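Coordinate analysis (summary)
Chain by chain, the residues:
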Amino acid sequence: MDNNIKANDIHKKVIFSGIQPTGKITIGNYLGSIKNWIPMQEEFDSIFCVVDMHSITVNQIPAELRKNTYDLLALYLACGLDPQKSILFVQSHVPAHAELAWVLNTITYVGEMNRMTQFKDKSRKHADNINMGLMDYPVLMASDILLYQTDLVPVGIDQKQHVELARDIAQRFNNRYSPTFVVPECYTPKIGAKIMSLQEPTAKMSKSDENENAVVTMLDDKDAIMRKFKRAVTDSDTEVRFDVENKPGVSNLLSIYSCFTGKTIEQAQNEFSGKGYGDFKIKVAESVIEGIAPIQSEQQRIAKDKAYMDEVLKDGAMRACRIAYKTLDKVYKKVGFIPKIR
Ligand code: TRP
């Protein structure tokens, strides 16, 4: 590995991750990402971003984007991301992301971008708006990662291809010029189940799902959560048993229950053996309600405190800029831009 790029070896490893402030954050996002980030803050130099520039690759209503950005920051804070331990910031506050993306664009091939699975999916979904930004999305993501000399990128499996592209771009730049970027790796924590849609339990729970009943968000109230679990798709059998292949709906509910109660799947399965689906669904809903209630009240409290959030963002952007521009200055120099007189 290219550890010699770093100033010294006593540094902790750097992790970087981000979420788009688009739509509502689901319990799947929470269990799959934010919840796992909390303990990482102790072990790593951690940077967590709200990637608003990625969001505008699909149509947004400006006022909603603004609100969603604050709401997501408030959720980060409510879940336990700590501005004393991590750098928390909004992507558009650090212009270096767009600036590095421009340079990286020139060493990225159109053919590579055309092969990106998410680009192909989104092009199908937003056929009336296949803009350059949508295609370039993975290069901006590579910039996010490479600017901070990131070692590890905690993301879900659906983002693996993008992290691999970031690796390719980093290696290509390093080979063409000279060692500049740390080559990042995907970091998939051992724990954290993949949470599926409540209506179509063979598909991932997605925040862009149009069917409200399929998705439980971190901001849903008690009644909504209960209603959605009561309507969750199971099967025509009656046995509560973990069997993803034959009983995807029931298995998904067991996973959710296990994540929120800390019980193992086996313990959960035993608890519900001989009981009907009706009781089971209510218990799962209650575990979710109980698990997210303290986060929700904290989120609401913080979301009202704009002054505090602005303070966090100002400090985060300042610290992020310091690191990002160190990298960008090197990049500009290596590609042959003359230094700017400051
Ligand atoms: N594309 C990621 C997602 O949709 C979000 C993201 C943007 C990201 N930049 C990143 C994740 C950098 C990790 C690192 O989930």
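All of these numbers come straight from a predicted model, not from anything done at the bench. (Residues numbered from 1 in each chain as written. Predicted model: local features only at pLDDT ≥ 70, side-chain atom pairs only at ≥ 80, totals over all residues. Heavy atoms only, no water.)

As a further point, take the overall build of the protein chain. Of regular secondary structure, the protein chain possesses 13 helices and five strands. For the protein chain, the C-alpha atoms occupy an extent of roughly 75 × 45 × 40 Å along the three principal directions. In the protein chain, which comprises 342 residues, the proportion classed as buried is 49%. When contacts within the protein chain are restricted to residue pairs at least 6 apart in sequence, those whose partners lie at least 24 apart make up 76%. Here the protein chain displays about 17,100 Å² of accessible surface, and carbon together with sulfur accounts for 53% of that area. Within the protein chain, one finds 44 positive and 43 negative side-chain charges whose respective centroids are separated by 3 Å. (Helix = DSSP H or I, 4+ residues; strand = E, 2+ residues; numbered from the N terminus. Buried < 20%, exposed > 50% of the residue type's maximum accessible area, 1.4 Å probe, protein only. Contact = heavy atoms within 4.5 Å. Areas by Shrake-Rupley, 256 points an atom, 1.4 Å probe, with all protein chains shown as cover. Lys, Arg positive; Asp, Glu negative; His and termini not counted. Charge placed at Lys NZ, Arg CZ, Asp CG, Glu CD.)

With that settled, the discussion passes to the packing of aromatic side chains. Any aromatic ring pair is given by two values, namely how distant the centres are and how the planes are angled relative to each other. As enumerated under the stated definition, the model contains twelve aromatic pairs in all. Judged by centre distance (5.7 Å) and plane angle (75 degrees), the ring pair of W37 and Y76 falls under edge-to-face. Here W37 is found in helix 1 (residues 27-43), whereas its partner Y76 is found in helix 3 (residues 62-79), with 39 residues between them in sequence. Each member of the pair, W37 together with Y76, is buried. Here the aromatic rings of F44 and Y187 are separated by 5.7 Å at their centres, their planes lie at 80 degrees, and the arrangement is edge-to-face. Remark: Y187 occurs in the loop between strand 5 (185-186) and helix 9 (222-230) and F44 occurs in the loop between helix 1 and strand 2 (45-50); sequence separation between them is 143 residues. Since its relative accessible area comes to 21%, Y187 is described here as partly exposed. Feature note: the residues F16, F89 and Y148 constitute an aromatic cluster, connected by ring pairs. Over the ring of Y70 we find K306, and its NZ or CZ is 4.9 Å from the ring centre. (Phe/Tyr/Trp six-rings, centres within 6.5 Å; stacked < 30°, edge-to-face > 60°. Lys NZ or Arg CZ within 6 Å of the ring centre and 35° of its normal.)

What follows is about the site of the ligand. Close to the ligand lie 13 residues; H54, Y137, M141, D144 and Q159 are nearest. At 2.7 Å, a side-chain N or O of Y137 approaches a nitrogen atom of the ligand. With respect to the ligand, the side chain of Q159 contributes an N or O atom lying 2.9 Å from a nitrogen atom. Considered on its own, the ligand offers 370 Å² of accessible surface; in the complex 89% of this is hidden by protein. Elements with a minimum of two residues in the shell around the ligand: strand 1 (14-19) and helix 7 (132-147). At four residues, helix 7 tops the list of elements feeding residues into the shell around the ligand. In terms of residue class, the shell around the ligand is made up of seven nonpolar, five polar and one charged. (Near = heavy atom within 4 Å. Polar contact = N/O pair within 3.5 Å; in protein donor to acceptor, adjacent residues only side chain to side chain. Nonpolar A, V, L, I, M, F, W, Y, C, P; charged D, E, K, R; others polar.)

Right, let's get into the confidence of the model for the protein chain. Per-residue pLDDT for the protein chain averages 93, and the proportion of residues at 70 or more is 96%. Long-range and interchain partners of residues 1-5, a stretch whose pLDDT sits below 50, account for 15 contacts in this model, where long-range means more than four residues apart. (pLDDT = per-residue confidence, 0-100.)

With that out of the way, let us pick up the side chain of S46. Along the chain, S46 falls in strand 2. A distance of 3.1 Å separates the side chain of S46 from the backbone oxygen of F44, its partner in a polar contact.

All right, on to the pairing of strand 2 then. Within strand 2, five of the six residues are buried, which leaves the element mostly enclosed by the surrounding structure. At this point the chain moves from strand 1, through helix 1, to the parallel strand 2, and the crossover so formed is right-handed. Both strand 2 and strand 3 (residues 86-90) contribute to a ladder of five bridges, which runs parallel. Following the sheet pairing, I47 is matched in strand 3 by I87. (Right-handed = clockwise from strand over helix to strand, strands pointing away. Pairing = 2+ DSSP bridges.)

Within the structure shown, the criterion is met by 14 salt bridges. Two residues, K204 and D158, come together in a salt bridge whose shortest N-O distance is 3.5 Å. On the criterion of sequence distance, the pair formed by K204 in the loop between strand 5 and helix 9 and D158 in the loop between strand 4 (152-153) and helix 8 (160-176) is long-range, its members being 46 residues apart. The closest approach of N and O atoms between E239 and R241, which form a salt bridge, is 3.1 Å. For R241, a relative accessible area of 29% translates into the label partly exposed. (Salt bridge = Lys/Arg side-chain N within 4 Å of Asp/Glu carboxyl O.)

This part covers unusual backbone geometry. Positive phi values are uncommon outside glycine, yet Q149 reaches one of about 50 degrees. Relative to the assigned elements, Q149 resides in the loop between helix 7 and strand 4.

Here we take up helix 12 (residues 277-304). Helix length check: helix 12, at 28 residues, gives a terminal C-alpha distance of 39 Å against a target of 40 Å (1.5 Å per residue), a fit within 8%. The sharpest bend along helix 12 comes to roughly 40 degrees, located at I292, with the proline P294 sitting one to four residues further on. (Expected span 1.5 Å × (residues − 1). Bend = angle between axes of the 7 residues up to and from the residue.)

Direction vectors running N to C along helix 7 and helix 8 enclose 70 degrees, while the axes themselves pass 9 Å from each other. Put simply, helix 7 runs roughly perpendicular to helix 8. The two elements helix 7 and helix 8 meet at a crossing, and its hand is right-handed. For the pair helix 7 and helix 8, contact is made by Y137, P138, V139, M141, A142, I145 and L146 and by H162, V163, L165, A166, I169 and A170, respectively. Class assignment of the residues belonging to the contact of helix 7 with helix 8 gives a composition of twelve nonpolar, one polar and no charged. (Axes fitted to C-alpha atoms, helices over the stretch in contact; angles between N-to-C directions. Parallel < 35°, antiparallel > 145°, perpendicular 65-115°, else oblique. Left-handed = near helix turned anticlockwise from the far one by under 90°.)

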